[in-house]
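Take a look at the letters that make up each chain.
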Amino acid sequence: MSPQSSPRAHNRGRTQVIALTTFLALVMSGCAAAGAEKPPSEGPSASPSASPQATAGAAADGPSSAATMVCGDETKTNIVKALSLPSEPPTTDSWADKLYTCTYALPSGHLLLSVKETSDPAAARTFFDGLQQQAAGAAPIEGLANLGFPAFQTPSSAVFTKDSFVLTVDAAALPARLGPHDVSRDAFAYQIATAVLACWSE
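Residues numbered from 1 in each chain as written. Predicted model: local features only at pLDDT ≥ 70, side-chain atom pairs only at ≥ 80, totals over all residues. Heavy atoms only, no water.

1. Structural notes on the overall build of the protein chain
- Along the protein chain, the regular secondary structure elements total seven helices and nine strands.
- Expressed as a percentage of the 202 residues in the protein chain, the buried residues total 46%.
- Considering only contacts in the protein chain between residues 6 or more positions apart, those separated by 24 or more positions represent 59%. (Helix = DSSP H or I, 4+ residues; strand = E, 2+ residues; numbered from the N terminus. Buried < 20%, exposed > 50% of the residue type's maximum accessible area, 1.4 Å probe, protein only. Contact = heavy atoms within 4.5 Å.)

2. Observations regarding the pattern of salt bridges
- Tallying each qualifying case throughout the model produces four salt bridges.
- Between arginine 125 and aspartate 129 there is a salt bridge; the shortest N-O distance is 2.9 Å. Here arginine 125 and its partner aspartate 129 are both found in helix H6 (residues 121–134), four residues apart, which amounts to about one turn of the helix.
- For aspartate 129, a relative accessible area of 26% puts it in the partly exposed group.
- As a salt-bridge pair, aspartate 182 and arginine 177 come within 3.5 Å of each other at their nearest N and O atoms.
- Its relative accessible area of 46% is what places arginine 177 among the partly exposed residues. (Salt bridge = Lys/Arg side-chain N within 4 Å of Asp/Glu carboxyl O.)

3. So, H6
- Taking 1.5 Å of rise per residue, the 14 residues of H6 would be expected to cover 20 Å, and the 20 Å separating its terminal C-alpha atoms lies within 8% of that figure.
- Its side-chain oxygen at 3.1 Å from the backbone nitrogen of alanine 122, aspartate 120 defines the N-terminal cap of H6. (Expected span 1.5 Å × (residues − 1). Polar contact = N/O pair within 3.5 Å; in protein donor to acceptor, adjacent residues only side chain to side chain.)

4. Considerations on the state of the cysteines
- Counted under the stated rule, the structure contains one disulfide.
- Bridging cysteine 71 to cysteine 102, the disulfide has an S-S length of 2.0 Å. The S-S bond linking cysteine 71 to cysteine 102 shows a torsion near 65°; that makes this disulfide right-handed. A residue pair is termed long-range when its members are at least 10 positions apart, and cysteine 71 in the loop between helix H4 (65–68) and helix H5 (73–83) and cysteine 102 in strand S2 (residues 99–106) qualify at 31 residues. (Disulfide = S-S within 2.5 Å.)

5. Some thoughts on the pairing of strand S1 (residues 91–96)
- Judged from the six bridges that link them, S1 and S2 form a sheet pairing that is antiparallel. What sits directly across from threonine 91, in S2, is tyrosine 104.
- Hairpin connection between S1 and S2: a loop of two residues separates the two successive antiparallel strands, and aspartate 97 in this loop has a positive phi of roughly 55°. (Pairing = 2+ DSSP bridges.)

6. Remarks on the nonpolar core
- Ranked by internal contacts, the top residues of the largest apolar core, which has 40 residues, are Ile79, Leu111, Phe160, Phe188 and Trp200.
- Among the secondary structure elements, those contributing two or more residues to this core are H4, H5, S2, strand S3 (109–117), strand S6 (157–162), strand S7 (165–170) and helix H7 (185–200).
- Top element by residues in this core is H7. It accounts for ten residues.
- In this structure leucine 111 touches Ile79, Cys102, Thr103, Tyr104, Leu106, Val169, Asp170, Ala171, Leu174 and Phe188, once residues within four positions along its chain are discounted.
- Among the nonpolar cores identified, the runner-up in size contains five residues, and Ala124, Phe128, Val159 and Val166 belong to it. (Core = buried A, V, L, I, M, F, W, Y, C linked by side-chain atoms within 4.5 Å.)

7. Section: the sheet that holds S7
- Taken together, the seven strands give an open sheet; going across it, the order is S1-S2-S3-S7-S6-S5-S4, and neighbouring strands pair in antiparallel fashion. Across the chains shown, the open sheet's two edge strands, defined by having one partner strand only, are S1 and strand S4 (139–140).
- Pairing between S3 and S7: six bridges, direction antiparallel. Looking across to S7, one finds that leucine 112 is bridged to aspartate 170.

The structure is reproduced here in structure tokens:
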């Protein structure tokens, strides 16, 4: 590793360790609890905490329940907790070209979460690789920090692929430091992305 890249990699690794600790606390009190409290979904769609692979074909004309989790109660709760917000932020969502997008109007700016649904894991990986090639400052998330999934991070975003889905958390419109713990945008994006992934894996 070159002298120029070493400090960045070290700082990013330390950021991910701190963020992962916060993520574990969020998931234990958020995703799992929500799954226990909510009744099963009605109709043919799978429950919100189902794996993306299990729900990829659930909705031919709209996003799957796994994708819409990024705008669901579990994710809202995690964002509120991470930033110590007084209430849930308003959201807007959209569905176009197999991309489900949820925008959170936070007091300090907009947070964008999106899920790209593809036909299979190979197509998801191709889409993921394209995003990584185009993203400025992209660096792979490696080791335990990637939770066993292909992932990369930029100074303001985190991107993971699981099964036939690609998850992006984009905090570029937010301040450089966030919340009561003064976390960086990339650490915050990582926290929220891994919390979503944990709910997908249940």
